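Spelled out from the first residue to the last, the chains are:
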Amino acid sequence: MSSVNVKIAIAGIGTVGGGLLELIRKYKSSDIKINVTAVASRRKQKFHGQFLKNTLFFKDAKELLSFDDYDILVELIGGEGGVAKKIVFDALKKKKNVVTANKALVAKFWKELKSLEYKNKCVLKYEAAVAGGIPIIKVIEEFLLSNKIKRIYGILNGTSNYILSKMLSSNKEFKSILIDAQKLGYAESDPTFDIDGTDTAQKLSILSSLAFSFNNSANSIKNEGIDKIKLVDLKIAESLGYKIKLLGITEIDKKRIKNYVYPCLLSKDSFVAEVDDVYNGIVVESDYCKKSFFVGEGAGAYPTATSVLSDIVNLSKGKENNLSIYSQLKKYDSVTLEDRYGSFYLRFTTDDRSGVISGIAEQFKKYNISMKSMLQKEQTGNYTNNATIVITTHNCFERDMMKALKRINNLNFIREKTVYIRIEKFK
Ligand SMILES: NC(=O)c1ccc[n+]([C@@H]2O[C@H](COP(=O)([O-])OP(=O)(O)OC[C@H]3O[C@@H](n4cnc5c(N)ncnc54)[C@H](OP(=O)(O)O)[C@@H]3O)[C@@H](O)[C@H]2O)c1
């Protein structure tokens, strides 16, 4: 193969952009020569390296709208709108290829972006948008081409995984670990999207759209985060043989797609339960490969930049042949969370007196909920008149559980709102 000279314009030199420049500087290939024709950086920075000696520098990425001397636009600014959206759509309209790490944009405008890509015969790549250091998009688009994917689930947000892991290992509550995570740079100054499940929902919508050729908007996924997870529940779950993880789950069931994002109990010996700290872990279940499991750093300058550079190199090699799935989009119904059929972990705080268990059991009976296990924990400190009762259930419908809990929470022996966490039985 003769050497290819590819021209790229990079917008946004922050964490990922900085990592990418470093990787490009060190990247040596006799096949591909990467020529950075322009860099848009709002902040004044010192750039190192001969490879940037002929590069144009823009103070605002907007200036790329009237710039044309590139084959690939690399968008590393972020955000579902604003300048990031403008330059990505503009580049695709100019029939340029685009590489981005922007999950918010890709999740929100997946269908529009795919449509432009298809019409203009150009390519948008976004390996870095989901689980930075795991090539999960390539696995779905390339490796599993001959397989039918049935389900994908996993830990897609390193910040929340770090917080849950550290709460248990350092015996501290959520808020205190969140502050530590911010100090260590594992959580942003505004960590809302990481901990409320939005970030996981955005990534899940991308995986689901790709796996099932269906536009699964992140907005249609009702996500729950980890902010209400208490240390006591992590500890009880551990004593019962479980870990609590924030999962994204997408699954096809005949003509219906389930997309769930919530923290859940997982058997300690299941694949993803063993993934701790800032790591991501993803399981893909397909017909011929059964279970494929991937672990890696989900974020950070270098893992994410590695994904970005691999997209740039693959595009340069002409490996992408614009087999856009836009032309093959399918129609499915979505399953709402109320339709979920699964089991629960429940923690009741009640008066310490007789009649409590039978009162709970009576409501369970009305809604076809059966108990699997029950234990009573001793209360310590100021609350010695209260009892803590932990129940796990067999499978039941979510809507029945919600109705039962509404009634139970109004019973006169209930002291605090009952805590419920779903249990998933993935191996
Ligand atoms: N960080 C990760 O580990 C990670 C992992 C996976 C995916 N991503 C995705 O990668 C993208 C970039 O993330 P990041 O962490 O690198 O963010 P970042 O550190 O905030 O970098 C973004 C950079 O873009 C610059 N910028 C903003 N508006 C601009 C404009 N109009 N013109 C030129 N530059 C502009 C910002 O400048 P200022 O400094 O002046 O604001 C900032 O330096 C996001 O889509 C993110 O979701 C990040």
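Draft legend 1. Looking closely at the overall build of the protein chain. Within the protein chain, the secondary structure is distributed over 12 helices and 17 strands. On C-alpha atoms alone, the protein chain measures out to a radius of gyration of 24 Å, which is about the 22 Å that the 2.2 N^0.38 rule sets for 427 residues. Seen through its C-alpha atoms, the protein chain measures out along the principal axes to roughly 80 × 45 × 35 Å. Contacts spanning at least 24 positions in sequence make up 74% of the contacts within the protein chain whose residues lie at least 6 apart.

Draft legend 2. Structural context of the site of the ligand. Residues in close proximity to the ligand total 25 residues, the closest being Gly12, Gly14, Gly78, Ala101 and Ala299. With three residues, helix H1 (residues 15-26) is the largest single contributor of residues to the shell around the ligand. In the shell around the ligand, the residues fall into 11 nonpolar, 10 polar and four charged.

Draft legend 3. Quick look at the domain arrangement of the protein chain. With domains assigned, the protein chain is organised as domain 1 (4-129), domain 2 (136-297) and domain 3 (340-424). Just the C-alpha atoms count here: the centres of domain 1 and domain 2 sit 28 Å apart. Counting residues at the interface gives 10 residues for domain 1 and nine residues for domain 2. In terms of residue class, the side of domain 1 that touches domain 2 is made up of six nonpolar, no polar and four charged.

Draft legend 4. Molecular detail of the sheet that holds strand S3 (residues 56-58). Across the sheet, which stays open at both edges, the six strands sit in the order S3-S2-S1-S4-S5-S6 with parallel pairing between neighbours. Only two strands of the sheet have a single neighbouring strand rather than two, namely S3 and strand S6 (124-125). Alignment of strand S1 (residues 4-11) against strand S4 (residues 72-75), held across four bridges, turns out to be parallel. Its bridge partner being in S4, Ala9 is matched across the sheet by Leu73.

Draft legend 5. View of the packing of helix H3 (residues 103-120) against helix H8 (residues 198-212). For the pair H3 and H8, interaxial distance at closest approach is 9 Å and the crossing angle is 50°. As far as their axial angle goes, H8 and H3 are oblique. As for how H3 packs across H8, the hand of that crossing is left-handed. For the pair H3 and H8, contact is made by Lys103, Ala104, Val106, Ala107 and Trp110 and by Gln202, Lys203, Ser205, Ile206 and Ser209, respectively. Split by residue class, the contact of H3 with H8 holds five nonpolar, three polar and two charged.

Draft legend 6. Examining the nonpolar core more closely. Judged by nonpolar contacts, the single largest core of 119 residues is most densely connected at Ile10, Ala11, Leu73, Val74 and Val308. Not counting residues within four places of it along the chain, the set of residues in contact with Leu73 comprises Ala9, Ala11, Leu64, Ile87, Ala91, Lys96 and Val98.

Draft legend 7. Examining the packing of helix H5 (residues 158-170) against helix H9 (residues 231-239) more closely. Orientation of H5 relative to H9, taken along the N-to-C sense of each, is 80°, at an axis distance of 10 Å. Regarding the angle of H5 to H9, the classification is roughly perpendicular. Here Leu164, Met167 and Leu168 of H5 come into contact with H9, specifically with Leu231, Leu234 and Glu238. Broken down by class, the residue content of the contact of H5 with H9 amounts to five nonpolar, no polar and one charged.

Draft legend 8. How the structure looks around the pairing of strand S11 (residues 290-297). As paired elements, strand S10 (residues 279-286) and S11 share eight bridges and run antiparallel to each other. Looking at S11, one finds that Tyr279 is bridged to Glu297. The hairpin formed by S10 and S11 contains three residues between the paired strands.

Draft legend 9. Representation of the environment of Tyr332 in the model. As for its position among the elements, Tyr332 is in the loop between helix H10 (301-316) and strand S12 (333-335). Sequence separation between Tyr332 and Asp253 is 79 residues, and the spatial gap between their C-alpha atoms is 9.8 Å. In this structure Tyr332 touches Phe212, Phe214, Lys255, Arg256 and Ile257, once residues within four positions along its chain are discounted.

Calculation criteria
- Residues numbered from 1 in each chain as written.
- Predicted model: local features only at pLDDT ≥ 70, side-chain atom pairs only at ≥ 80, totals over all residues.
- Helix = DSSP H or I, 4+ residues; strand = E, 2+ residues; numbered from the N terminus.
- Rg over C-alpha atoms; globule rule 2.2 N^0.38 Å.
- Contact = placed C-beta atoms within 7 Å.
- Near = placed C-beta within 6 Å.
- Nonpolar A, V, L, I, M, F, W, Y, C, P; charged D, E, K, R; others polar.
- Domains from an automatic or database assignment.
- Pairing = 2+ DSSP bridges.
- Axes fitted to C-alpha atoms, helices over the stretch in contact; angles between N-to-C directions.
- Parallel < 35°, antiparallel > 145°, perpendicular 65-115°, else oblique.
- Left-handed = near helix turned anticlockwise from the far one by under 90°.
- Core = buried A, V, L, I, M, F, W, Y, C linked by C-beta atoms within 7 Å.
- Buried ≥ 20, exposed ≤ 12 C-beta atoms within 10 Å, placed from the backbone.

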